[in-house]
Amino acid sequence: MMKQDTVRFFDKGAFAMMLLLALAGILLIYSAGHSTGETHYLKQVAWLGVSLLAFFAVFSFKSEFVFRNALAAYLVLLAVLALQIVVGATVARTRSWFRLGGIGLQFSEFVKVPLAACLAKLLAQAESLDPRAFLRTLALIFAPVALIILQPDMGVSFILCGFVPLVLLLKKARPALLLALALLLAGGAFLGWHGLLKPYQKERIVSFLDPVRYKDSSGYHIIQSRIAVGSGGLTGKGFMQGSQSRYQFLPARHTDFIISVIGEEFGFLGVSLLFFIFFVLFYRHLRFNFQNDEEFYFVYLFNGLILFQFLVNVSMAIGLFPVLGITLPFVSYGGSSLLSLFIGEAVIFRIKINEYLT
């Protein structure tokens, strides 16, 4: 009976949207690299298979098991991140990878799930977001952020910082706490700019304000991305017909700027369809009855982080945000990212059927 209930109440619509995004990503990755014979799409197919296996494996666990072991998983990943700084493989100037045979794993991506679960437990236990509870949440968030910055990987570290405004919104923080956070961020930004960021990272941050000035370096990405998106018009040039991708003018077209490929090949309508699919996925994830506060906070935190990453990636592609190496969830090339998202979604799908299995 329980197996029948699991199949019956499994959210097939949301799963279809998630799978549609991943499959669309594979087609776009193929289109972005077909002119040069790149095989990233084949690796993404393999990673999707691994992600689906992981999804159903995690889905089989009760959500209580996930929350009970979240802190242990979080601490193990902190240790792995610290180890990566010393012995990790260097890719694109960052030590954020472990190479196992021919497979690269970016463990910073996997922090998202246990961190969201730990934050959910903490928020569920706190009656209000008082200074003590808030400092505990900041400690949970900034421990992995600090280790990832040391790699240095500005993209993933920035996305993890997205948990901070989500916590403030979900717990309705007091104005005094918001003021204290603003001062803390201002001080952190000052220290980071003058002590942590390398010259090329600073240039990336300021180049989006005037990309033409940096057209031969970091501004080049933004200029080419805008050209790709703008040239697509209403309906686009057609699948595999994007000149910016085909002639390799568009950098990182299979990762950070894959939405520019969508804009060029499928136009405004294609981008609008992508937005609609994400909207349906989020909508279906938020319209059910939560059994407890931990479930509520996890669903909103994890989905909120995906939405945050989605908005930052889109803003980055059209020049409204600095280029920080942030991918489009489910769609961009990246096995570790896809796997971590499917694991987190598996927890959410399990939470959604809990009321029917108890």
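Residues numbered from 1 in each chain as written. Predicted model: local features only at pLDDT ≥ 70, side-chain atom pairs only at ≥ 80, totals over all residues. Heavy atoms only, no water.

Undergrad: Explain the nonpolar core to me, using residue names and the numbers behind them.
TA: One finds Leu129, Phe163, Leu274, Phe298, Leu301 and Phe330 to be the most contacted residues of the largest nonpolar core, which totals 106 residues. Looking at this core element by element, the count peaks at 12 residues for helix α14 (residues 293–317). Dropping the residues within four chain positions of it, Phe330 is found in contact with Met18, Leu21, Ala22, Phe278, Leu281, Ile306, Leu338, Leu341, Phe342 and Glu345. (Core = buried A, V, L, I, M, F, W, Y, C linked by side-chain atoms within 4.5 Å. Buried < 20%, exposed > 50% of the residue type's maximum accessible area, 1.4 Å probe, protein only. Helix = DSSP H or I, 4+ residues; strand = E, 2+ residues; numbered from the N terminus. Contact = heavy atoms within 4.5 Å.)

Undergrad: Which residues make up the packing of aromatic side chains, and what values go with them?
TA: Under the counting rule described, the total for this entry stands at 29 aromatic pairs. Ring centres 5.9 Å apart and planes at 90° place the aromatic pair Phe67 and Phe298 in the edge-to-face group. Residue Phe67 is found in helix α4 (residues 63–87), and its partner Phe298 is found in helix α14; the two are separated by 231 residues along the sequence. Each member of the pair, Phe67 as well as Phe298, is classed as buried. Between the aromatic rings of Phe296 and Tyr297, the centroid separation amounts to 5.2 Å while the plane-to-plane angle is 75°, which identifies the pairing as edge-to-face. Residue class for Tyr297 comes out buried when judged on its relative accessible area of 8%. An aromatic cluster of at least three residues, connected via ring pairs, comprises Phe10, Phe15, Phe55, Phe56, Phe59, Phe330, Phe342 and Phe349. The positively charged end of Lys352 is found above the aromatic ring belonging to Phe349, 5.4 Å away from the centroid. (Phe/Tyr/Trp six-rings, centres within 6.5 Å; stacked < 30°, edge-to-face > 60°. Lys NZ or Arg CZ within 6 Å of the ring centre and 35° of its normal.)

Undergrad: Just give me the short version of the pattern of salt bridges, but keep the residues and values in it.
TA: Tallied over the entire structure, the rule returns five salt bridges. The salt bridge partner of Glu109 is Lys112, with a shortest N-O separation of 2.8 Å. Overall, Lys112 belongs to the buried group, its relative accessible area being 4%. The residue Lys237 makes a salt bridge to Glu264 at a minimum N-O spacing of 3.3 Å. In this pair, Lys237 sits in the loop between α11 (219–231) and α12 (243–246) while Glu264 sits in helix α13 (residues 258–286), placing the two residues 27 residues apart along the sequence. Look at the salt bridges and you will find they share partners, linking Asp11, Arg284 and Lys352 into a network. (Salt bridge = Lys/Arg side-chain N within 4 Å of Asp/Glu carboxyl O.)

Without other data, these values stay purely geometric and don't point to any function.
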